[in-house]
Amino acid sequence: MDKDKERVEELTKLLNKYNYEYYVLNQSSVSDAEFDRLMQELQALETRRPDLKDKFSPTSRVGGMVSSEFRKITHSRMMLSLANAFSEKDLREFDRKVRQATGLREVPYMMEVKIDGLAMSLVYENGELQYAATRGDGVIGEDVTQNVITIPSVPLKIKDFRNIEIRGEVYMSKKTLNTLNAEREKRGLPLLSNARNAAAGSVRQLDSKIAAKRKLEAFWYYFVNAAECDFETHSDSLDYLQKLGFRVNPERRKCLGIEEVLDYVKEYTEKRSSLDYDIDGLVLKVDELALYDILGYTMKTPKWAIAYKFPPEEVVTKIKDIFLTVGRTGRVVPNAVLEPVRVAGSVIQRATLNNEDFVRNLDIRIGDYVYIHKAGDVIPEVSGVDLNKRNKTLPKYKFQSTCPYCHHPLVKKDSIHYCVNDMCPSRSINKLVFFISDQGMDIKGLGPSLVEDFFNLGIVTNFADFYTLADHKEEIMDMDGISEKTYNAITRTIEASKRNDAYMFLAALGIPMVGKKTSQTLMEKYQSIDNMIDASFDDLLSTPDVGMQIATNIKHYFANPQTRDQYEILKGMGINTIAIKKVVAKDNFFKGKRFVLTGTLSSASRTEMTERIEALGGKSTSSVSSMVNFLIVGENPGSKIDKARSLNIRLIYEEELLELLDEAEK
Ligand code: IVH
């Protein structure tokens with residue numbers, strides 16, 4: 001017998017056993033060092049004898065496969081989602097319908113926690129994992145096997161040789177998210193906003209080594225073909241999955257009748273924050289599999305299960321301070337500085353207080369304890385004051401009557417305060433920041449804090465100063481963290497911005513209500529900023545989407561000698577004011593199609609990508625509706641993806657997008 005072969009088999013057995021003990025049973029009979037030693041020994045053996053490497057070897061879990069795209073997989077049975085219940089009343093109504101349809105007096109249910117992660121399907125044949133697939137649109141998902149097998153608890157082989165399909169949730173624990181974010185903060189990388197997005201981004205990594213580093217975990221909650229495999233209840237099928245080596249959530253419980261269900265709901269609403277993973281609700285499932293066919297399905301959801309969604313999470317924290325920000329238009333916004341607090345999966349330490357009326361109506365004071373509300377992906381909000389905790393000596397918050405940055409008296413209009421001083425430093429800085437942002441000239445490599453430093457040093461106090469940075473080379477190089485290389489990169493991109501299309505320049509000027517879209521429309525009509533300036537008020541009004549207010553704002557801006565001069569100076573410096581002729585796009589995939597973008601793209605900014613698609617005749621819109629043809633999905637996508645799924649809108653991920661663009665641009 002081949003000695004190496006024997007050893008490979010022995011090591012495989014041991015490593016699988018230790019993995020199972022550690023990741024599924026939460027206990028281990030071996031030290032980490034010993035585990036690593038055995039893994040390295042197996043890796044070395046497999047390198048020396050590639051013929052002995054099994055595709056299900058424990059070494060395959062460390063990642064290493066880099067794919068260029070994910071294979072599409074048609075689910076053998078549609079991956080459904082669940083209808084939602086938001087209250088005890090909704091749950092009772094669900095129970096009533098189930099009792100009515102089945103004739104049972106008390107229904108045996110199974111209660112589970114609803115993990116806020118990413119749904120996954122595992123398919124086994126002949127005891128071997130065939131693939132792991134994402135839900136996709138429910139009908140077609142993507143093959144992410146290489147990434148899912150980096151989750152150590154996922155069995156690669158099982159001791160059941162039937163065709164088996166299992167569904168569950170891949171997630172990232174709170175602890176892992178915190179550790180990853182602490183590392184990312186040190187390395188200056190953007191933080192992962194919450195566990196669900198972090199998990200979704202990791203599963204869709206093309207490089208499985210990166211996915212392996214993300215330390216994903218999974219719980220399995222649904223044996224799709226349990227009835228054909230002779231199970232009578234969902235609970236038995238889960239117990240069996242656990243025996244086969246799958247990680248099944250220990251928080252599950254059988255409940256007989258709605259009262260026991262409601263007890264579970266009460267208990268877990270409290271227990272929620274003590275779990276090491278985010279849950280956004282609970283799941284109620286009829287336990288008897290024979291009842292599934294009787295109860296049936298709607299288009300997208302089974303009628304034998306329902307998700308109970310927790311009310312938006314609310315926490316209490318202290319307001320340490322209130323400060324005012326003054327934006328480029330002069331709008332004053334009060335902001336609360338909070339004692340950092342974790343709510344609905346994210347740590348927050350700032351919250352907007354909107355305006356004076358908001359602060360006054362809730363009587364918010366510095367030193368107060370306030371309720372913070374957060375539901376899903378939305379921005380956290382202050383929803384009220386905990387008056388029981390108020391220190392009676394706290395003075396009422398008095399809204400300043402002058403601008404905190406220039407001391408100019410504030411003017412109130414429709415419950416919003418404005419600083420009307422055009423020379424206000426805060427407004428000036430924000431105007432400069434806007435000028436270079438992707439809403440304007442899109443000058444990369446120059447962030448808001450650097451602009452603020454330039455402003456405070458007197459290097460850049462108006463738009464034109466950006467184009468004369470070379471006069472301040474020495475001074476800039478003396479600043480912290482700016483190398484010659486950085487300096488050169490900044491000046492190069494600034495110089496290149498002179499050749500931007502005219503609509504970007506027009507938008508960058510910051511004329512009220514004249515954003516990028518309106519600027520584009522105006523430039524399509526007038527072909528140059530000068531033509532637009534010369535146009536009559538009525539002619540401006542006849543432009544699509546341009547109403548009285550916008551036309552007035554444009555006329556005011558160019559009639560004011562100060563702003564007009566600023567424009568002329570910039571033009572004199574060589575900034576392009578003429579619309580770049582659009583070549584009519586030849587027929588291609590994107591032509592005439594409407595698309596929406598969500599999430600962060602890794603190969604280019606959203607603006608750049610939008611421009612590429614628009615050059616091909618595609619049309620970008622901001623919200624998902626049935627008029628939209630496809631949704632482009634970057635990392636950490638928002639809730640648009642759910643909406644697109646519900647409307648059956650095609651999802652295009654970044655890799656596929658790049659291929660389609662290459663093809664269309666040929
Ligand atoms: S059962 C047909 N059980 O919630 C039944 N789903 O909105 C399929 N989820 O797509 C789902 N925990 O991604 C089920 N214990 C659990 C769950 C769970 C999380 C997710 C799953 C599903 C979504 C439903």
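Residues numbered from 1 in each chain as written. Predicted model: local features only at pLDDT ≥ 70, side-chain atom pairs only at ≥ 80, totals over all residues. Heavy atoms only, no water.

**Q** Report on helix α2 (residues 32-48), specifying residues and quantitative values.
**A** In a regular helix each residue adds 1.5 Å, so 17 residues correspond to 24 Å; α2 covers 24 Å between its end C-alpha atoms and thus fits that length. Considered for burial, the residues of α2 that qualify are Phe35, Leu38, Met39, Leu42, Leu45 and Glu46. One face of α2 carries all of its buried residues, which in axial projection span an arc of 125°. In α2, the exposed residues that point more than 90 degrees away from the buried face are Ala33, Gln40, Thr47 and Arg48. Contacts made by the buried residues of α2 are with α1 (3-24). (Helix = DSSP H or I, 4+ residues; strand = E, 2+ residues; numbered from the N terminus. Expected span 1.5 Å × (residues − 1). Buried < 20%, exposed > 50% of the residue type's maximum accessible area, 1.4 Å probe, protein only. Arc of directions from axis to C-beta. Contact = heavy atoms within 4.5 Å.)

**Q** Now, about the pairing of strand β22 (residues 650-653): what can you tell me, with residues and values included?
**A** Where strand β21 (residues 630-633) meets β22, 4 bridges bridge the pair, whose relative direction is parallel. Residue Leu631 lies in a different strand from β22, and its bridge partner there is Leu651. Handedness of the crossover is the feature at issue here: the chain leaves β21, passes through helix α23 (residues 640-646), returns alongside β22, and the resulting connection is right-handed. (Pairing = 2+ DSSP bridges. Right-handed = clockwise from strand over helix to strand, strands pointing away.)

**Q** Tell me about the site of the ligand, and please be specific about residues and values.
**A** Close to the ligand lie 15 residues; Glu112, Arg135, Glu169, Tyr221 and Lys285 are nearest. Within the side chain of Lys285, one N or O atom sits 3.0 Å away from a nitrogen atom of the ligand. Starting from 530 Å² of accessible surface for the ligand in isolation, the protein chains cover 91%. When residues of the shell around the ligand are traced back to their parent elements, those giving at least two are β3 (108-115) and β10 (279-286). Here the element with the most residues in the shell around the ligand is β3; it accounts for 4 residues. For the shell around the ligand, the per-class residue count stands at 9 nonpolar, 1 polar and 5 charged. (Near = heavy atom within 4 Å. Polar contact = N/O pair within 3.5 Å; in protein donor to acceptor, adjacent residues only side chain to side chain. Areas by Shrake-Rupley, 256 points an atom, 1.4 Å probe, with all protein chains shown as cover. Nonpolar A, V, L, I, M, F, W, Y, C, P; charged D, E, K, R; others polar.)

**Q** Residues and numbers for the nonpolar core, please.
**A** Among the nonpolar cores identified, the biggest contains 76 residues, and Leu91, Val113, Met120, Leu122, Phe246, Leu282 and Val286 are the most heavily contacted of them. Setting aside residues up to four positions removed in sequence, Val286 forms contacts with Val98, Val107, Pro108, Tyr109, His234, Leu291, Tyr292, Leu295 and Trp304. Membership of the second largest hydrophobic core comes to 52 residues, among which are Ile429, Ile459, Tyr503 and Ile533. (Core = buried A, V, L, I, M, F, W, Y, C linked by side-chain atoms within 4.5 Å.)

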